[in-house]
Amino acid sequence: MQTHKSLVSKYLLTLAVMICFLVILMGFKNPEDTYKPTRHTVTIFKMKFNPENLVVNKGDTVVWINKDFYQHDVTELTSKKWTSKPLNQGESWSKVITEDIKYYCDLHKVMKGTITIAK
Amino acid sequence: MKTKMNYKLIVICTLVMGISSLMMAQDTPPLTDPEIASVAVVANQIDIDYGKVAIKRSKNKEVTDFANRMIEDHSAVIKQAVALVTKLGVTPKDNAVSQSLMTQSKETLKKLNSVSKMDFDKTYIDNEVAYHEAVIGAVKNVLIPQAQNSELKDLLEAVLPALEAHLGHAKMAQTKISK
Ligand SMILES: [Cu+2]
């Protein structure tokens, strides 16, 4: 038969083990798991993507906002894999970045930009 | 072949005339803001008119996409210009530069409407390259330096990068259709 005292100490021991385990787990946690995705803004103004070349972390979101009174779009450069469709003044469009991208404005083909994932 | 040569000569002549008339405008008394507003509206309207002909006459998507973009963007500029003059309580005033632009554009429109279907794309795009080059020169060297009102100057400065993007786009189309 167990005494009340030994029950309490058994309980405390389990608790201590659990806390230790948790602390260890947190300590070994991959920095990528704790990384909180950020939002970056690319302003489209005077026929330019600004910044033209942007470095982000994998999983970050990039928001493009059109400040021109001309329409613009954001379109994948090499094969038009994806596009924002035309954005009017004040409109924005966002994309989660999972790979390096090269893009351009399909309406004004000379406007170009890149997003690169930080190594 | 001979008519093509003649045609090229005519284009070059009208352009030289056009540019020199704009250059002469630098020597004459500066344009007033209402006159600059008129030049801006006329210059944009001219490119819209060229674009409309292209949409009617061209079967090349490269060309019709470009023409549609010209119509959209130059209409957007006119809209901004009208909003600004309305806000400032200014009425665009006709002047020698606006008139000479109009006269030249009538000639070009005649050409665009009469050139054979086969030669249309090249004629239109070549003219777009030349026209944007001429207008960039005029905005940079005449209109911006002479504009008094700061908002009018700002608008002209916002138009410049668009004209340059259009020129680059036109040159891309030019290489593509000449292949
Ligand atoms: Cu654009």
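You'll find the structure just up there.
Residues numbered from 1 in each chain as written. Chains lettered and ligands numbered in written order. Predicted model: local features only at pLDDT ≥ 70, side-chain atom pairs only at ≥ 80, totals over all residues. Heavy atoms only, no water.

K.L.:
Would you mind going over the sheet that holds strand 4 (residues 61–66) of chain A in detail, with residue names and values included?
P.N.:
Residue and element names in this part refer to chain A. Strand order in the open sheet made by the four strands is 2-1-4-6, with mixed pairing throughout. The open sheet has two free edges, formed respectively by strand 2 (48–50) and strand 6 (92–96), since each of these has just one partner strand. Strand-to-strand twist in this sheet, taken as the mean axis angle between neighbours without regard to direction, amounts to 20 degrees. When strand 1 (residues 39–45) meets strand 4, the two strands line up parallel, connected through six bridges. Each bridged residue has a counterpart across the sheet, and for His 40 the counterpart in strand 4 is Val 62. (Pairing = 2+ DSSP bridges. Helix = DSSP H or I, 4+ residues; strand = E, 2+ residues; numbered from the N terminus. Axes fitted to C-alpha atoms, helices over the stretch in contact; angles between N-to-C directions.)

K.L.:
Quick rundown of helix 6 (residues 150–177) of chain B? Include the residues and the values.
P.N.:
Helix length check: helix 6 of chain B, at 28 residues, gives a terminal C-alpha distance of 41 Å against a target of 40 Å (1.5 Å per residue), a fit within 8%. Between a side-chain oxygen at the N-terminus of helix 6 of chain B and the backbone nitrogen of Glu151(B) the separation is 2.7 Å; the capping residue is Asn149(B). (Expected span 1.5 Å × (residues − 1). Polar contact = N/O pair within 3.5 Å; in protein donor to acceptor, adjacent residues only side chain to side chain.)

K.L.:
Which residues make up the pattern of salt bridges, and what values do they have?
P.N.:
As enumerated under the stated definition, the model contains 12 salt bridges over all chains in all. The partner of Glu133(B) in a salt bridge is Lys171(B), with the nearest N and O atoms 3.7 Å apart. One end of the pair, Glu133(B), is in helix 5 (residues 117–146); the other, Lys171(B), is in helix 6, and 38 residues separate them in sequence. A salt bridge links Lys140(B) to Glu164(B); the shortest N-O distance between them is 3.7 Å. Within this pair, whereas Lys140(B) is found in helix 5, its partner Glu164(B) is found in helix 6, the two being separated by 24 residues in sequence. Note on Glu164(B): relative accessible area 37%, which makes it partly exposed. Connected via shared salt-bridge partners are Lys80(A), Asp106(A) and Lys109(A). (Salt bridge = Lys/Arg side-chain N within 4 Å of Asp/Glu carboxyl O. Buried < 20%, exposed > 50% of the residue type's maximum accessible area, 1.4 Å probe, protein only.)

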